[in-house]
Each structure stands twice: as C-alpha cells, then as structure tokens.
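Residue-level structure breakdown
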Amino acid sequence: MRRVAVLGAGSWGTAFAKVLADAGREVSLWARRPEVAAAVNERHVNPDYLPGVELPGLLTATTNAATALDGVDAVVLAVPSQTLRANLGGWRELLPRGVTLVSLAKGVELGTLKRMSEVVVEVAGVTPDQVAVVSGPNLAREIAAEEPTATVIACSDHDRAVALQHACTTGYFRSYTNTDVVGCELGGAGKNVIALATGMAAGMGFGDNTRASLITRGLAEIARLGGALGADPMTFAGLAGLGDLVATCSSPLSRNRTFGERLGRGESLAQAEEANHGQVAEGVKSCSSICELGARHGVELPIADAVRRVCHEGLSAAEMGKELISRAPRPE
C-alpha cells in the first residue's frame, strides 16, 4: 500500500491520514470544504479539527473525490457512521477495482441495523474480505500529537490486514491484526453508548467507583451482544473492546463522554448539541440501533437502553441512575 486515499477530513480522518503519511505512504485527503483542503495544502494544518498540529508533506488534500481516489491501493472511509451509506454511494463508481476499503466509523446504522463493514459491502458491491476496520483507544488529538497508542486492524482476509498494518506503523502508532470484524465493530459502536452513561455520571458529580462500575457492566453488555452475533469473546478483552471503552469513558477528549456530562448536568439534548458545535455524539444515534439489535437477538442491554431513553424519551440522567442501581440483584 503505497498510495492511500482518506475520505473525510475531520479530526480522526486527518489524524489517521497523518499516521499513514508518517509511515511513508503518499496520502490524498478528501475534504468537503475547500478552505480545509487549502489549509492542508498551503499551510500543512487542519485548524478546524486539529489546531496546532503540523501535517507532513506526504499528505495533500482535495475536494475532488476522483482526484483523491486516482491510482490508490487503499481507501480509508472517515465519515460519520450514519452518513457512510450516502457518501459511499456517491463514490462507488470511482473506487479502483480490488482496492482495500477501510472503515474508521464506529456505529450501527439506523434502520438497517448493519455494522459499518456490512454497509460498505452492500453499497460498494465488494466481498467482505476486501473490507477492514480500525478500532481501539484512538483519541484523534493524542494520536496527532504523536502520543504512543495501539489499535486493532480487523479483516477476514489476514494478509490484507497485515498489509494495512505495515502501511500505518510508526514510532508512536502500533497496530495489531485480528480476523474478528464483528467483535471489533461492536466494541467500537458500543463503547460510545457506555461513554455517554459514564459522562452523565460524571456530570452528576459521581466518582471513580461509579465510572468503573459502568465501564465493567457496559463491557459485559457489549460482549453479550457480540456473542449473540458470533464475535470472539476474547476480542472484548483487547484493544477494540476494553481498550477503546476505557479511553472513551475516561478522557475529556471523548466527544461522547463530554456530551454525556452535559446531559448529566441537566442540559437538554439540543443544548449539548449546541455546545458541541452543532455535532451530535455518535452514541446518541447508535444507542437506538444498538438497542434494536439487542432486542432482535434477545440480548438484554440495560445501560444502553437507559441511555436511549435519556436521549430520545425524556428520561433524566438522575432517573437513569436510580433505575440502574435499583435493578433486581443477580449473579455477575
């Protein structure tokens, strides 16, 4: 993989593009807005999403998807989960034949309840072994600052995962391969919902015991759902499960955690969205589809369901906390 296109110039897309360029790849970053592309090309920065971070010379940007995709060996899809289908539909005819498609999105599609790799397979008309996913404790700001981290690259085609692993290995970014795409994707989607819950707890003034309890029981929920969908249980003990969950539930850099904090302090969904520069955290949307997925497979998801009701049915964060702590006793 010598030349890679990254479609989506948000914070995570830009950070991952930087990783690839730092690993010696020629990277073309597609940006929706011309001013973002101009800043990347002329000043080697993306001030809207990663202010203060200098981007490498091997990373260039364009607003023309055909230009970005010309002659690439891999295509990284770095758009929000609920917009992936529409965006990819517009890019489908431009994708080079046989190219590796890499999803950075962490969510479950509303309506269809499909994981992101399933959406890519359906829309792009490719086989599942052509699609890889990246998941783990990947807070974009820390990666852009070259703080050491590790991640998981999952693909049913092990050789394809290894090729991508080599393409993004740097002195600060270490990746591991996995063939459990289902587990890695559910870990990435589920942790956003649990991070909303831990954020709400923090917003209500609760401390480390509460956060640790929510993280641990949240991981149990994610693993139960994963097991019902055929995931490897060990995946949830790794970087794409526990690793991603701890980072997202603990860091002030996590959009889902900080969004949850605002809800915990009594702000409405609209107020939290406004404070988040008009962006809704991924977990706000995914909580509905994850709960539907659990219901379809007969899996109980009490924390996710409580988050869903706070976000979409008017339940207060305080009422959520009382409900969860008052549930009937049971063995762990």
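Note that the structure is a prediction, hence the values are computed from the model and not measured.

Before going further, it helps to examine the UniProt feature "binding site: NADPH" (unreviewed entry) in the chain. When the UniProt feature table is mapped onto this chain numbering, "binding site: NADPH" (unreviewed entry) sits at S11, W12, R32, R33, Y49, K106, A140, R255, V280 and E282. Tracing the backbone shows R32 in the loop between β2 (26-30) and α2 (34-43). Relative accessible area serves as the criterion here: at 63%, R32 is assigned to the exposed category. Along the chain, the position of K106 falls in the loop between β5 (100-103) and α5 (116-124). Apart from residues lying up to four places away in sequence, K106 is in contact with S81, V134, S135, G136, N138, G188, A189, K191, N192, D244, E282 and S286. A polar contact is formed between the side chain of K106 and the backbone oxygen of G136, at a distance of 3.2 Å.

Before going further, it helps to spend a moment on the packing of aromatic side chains. Counting across every chain of the model gives 3 aromatic pairs. Between W12 and F16, the ring centres sit 5.6 Å apart and the planes meet at 65°, which makes this aromatic pair edge-to-face. Separated by 4 residues within a single helix, W12 and F16 lie in helix α1 (residues 11-22), roughly one turn from each other. Residues W12 and F16 agree in their burial class; the two are buried. Relative to W91, the ring of W30 lies with its centre 5.1 Å away and its plane at 75°, an arrangement referred to as edge-to-face. On the criterion of sequence distance, the pair formed by W30 in strand β2 and W91 in helix α4 (residues 84-91) is long-range, its members being 61 residues apart. As far as burial versus exposure is concerned, W30 and W91 are alike and both buried. Three or more aromatic residues joined by ring pairs form one cluster here, namely W12, F16 and F173.

A few words now on the nonpolar core. Ranked by size, the top nonpolar core spans 41 residues in total, and within it M200, V307 and M320 carry the most contacts. Listed by contribution, the elements that provide at least two residues to this core are α8 (181-203), α9 (208-228), α10 (239-250), α11 (255-264), α13 (282-296), α14 (302-312) and α15 (317-325). Apart from the residues within four sequence positions on either side, M200 is in contact with G260, E261, L263, G264, V307, V310, A317 and M320. The next biggest cluster of nonpolar side chains, apart from the first, holds 39 residues, and it includes L50, L59, V76 and A167.

Moving on to the domain arrangement of the chain. Often, the extent of an interface is quoted as the loss of accessible area on bringing the components together. Entries for the chain in the domain assignment read domain 1 (3-179) and domain 2 (182-326). At the junction of the two partners, domain 1 supplies 28 residues and domain 2 supplies 27 residues. Taken over both partners, the interface formed by domain 1 and domain 2 buries close to 2,100 Å², and the fraction arising from carbon and sulfur atoms is 65%. Across the contact surface, domain 1 and domain 2 share 2 salt bridges. Counting across the domain 1 and domain 2 interface gives 7 residue pairs in polar contact (both at pLDDT 80 or more). Elements with a minimum of two residues in the side of domain 1 that touches domain 2: α5, β6 (131-135), α6 (140-144), β7 (149-154) and β8 (173-178). For the side of domain 1 that touches domain 2, the element with the most residues is β7, which contributes 4 residues. In the side of domain 1 that touches domain 2, the residues fall into 13 nonpolar, 10 polar and 5 charged.

This part covers the environment of V126. Relative to the helices and strands, V126 resides in the loop between α5 and β6. Ignoring anything within four residues of it in the chain, the contact list for V126 reads L101, V120, V121 and V131.

Within α14, 9 of the 11 residues are buried, leaving the element largely enclosed by the surrounding structure. Restricting attention to buried positions, one finds in α14 the residues P302, I303, A304, A306, V307, R308, R309, V310 and C311. Residues of α14 that are buried sit in contact with α8, α9, α11, α12 (269-275), α13 and α15. Two residues or fewer past α14, G314 is found with a positive phi of approximately 85°.

Calculation criteria
Residues numbered from 1 in each chain as written. Predicted model: local features only at pLDDT ≥ 70, side-chain atom pairs only at ≥ 80, totals over all residues. Heavy atoms only, no water. UniProt positions renumbered as here; feature names shortened; annotations may be inferred. Helix = DSSP H or I, 4+ residues; strand = E, 2+ residues; numbered from the N terminus. Buried < 20%, exposed > 50% of the residue type's maximum accessible area, 1.4 Å probe, protein only. Contact = heavy atoms within 4.5 Å. Polar contact = N/O pair within 3.5 Å; in protein donor to acceptor, adjacent residues only side chain to side chain. Phe/Tyr/Trp six-rings, centres within 6.5 Å; stacked < 30°, edge-to-face > 60°. Core = buried A, V, L, I, M, F, W, Y, C linked by side-chain atoms within 4.5 Å. Domains from an automatic or database assignment. Buried area = accessible area lost by both parts, 1.4 Å probe. Salt bridge = Lys/Arg side-chain N within 4 Å of Asp/Glu carboxyl O. Nonpolar A, V, L, I, M, F, W, Y, C, P; charged D, E, K, R; others polar.

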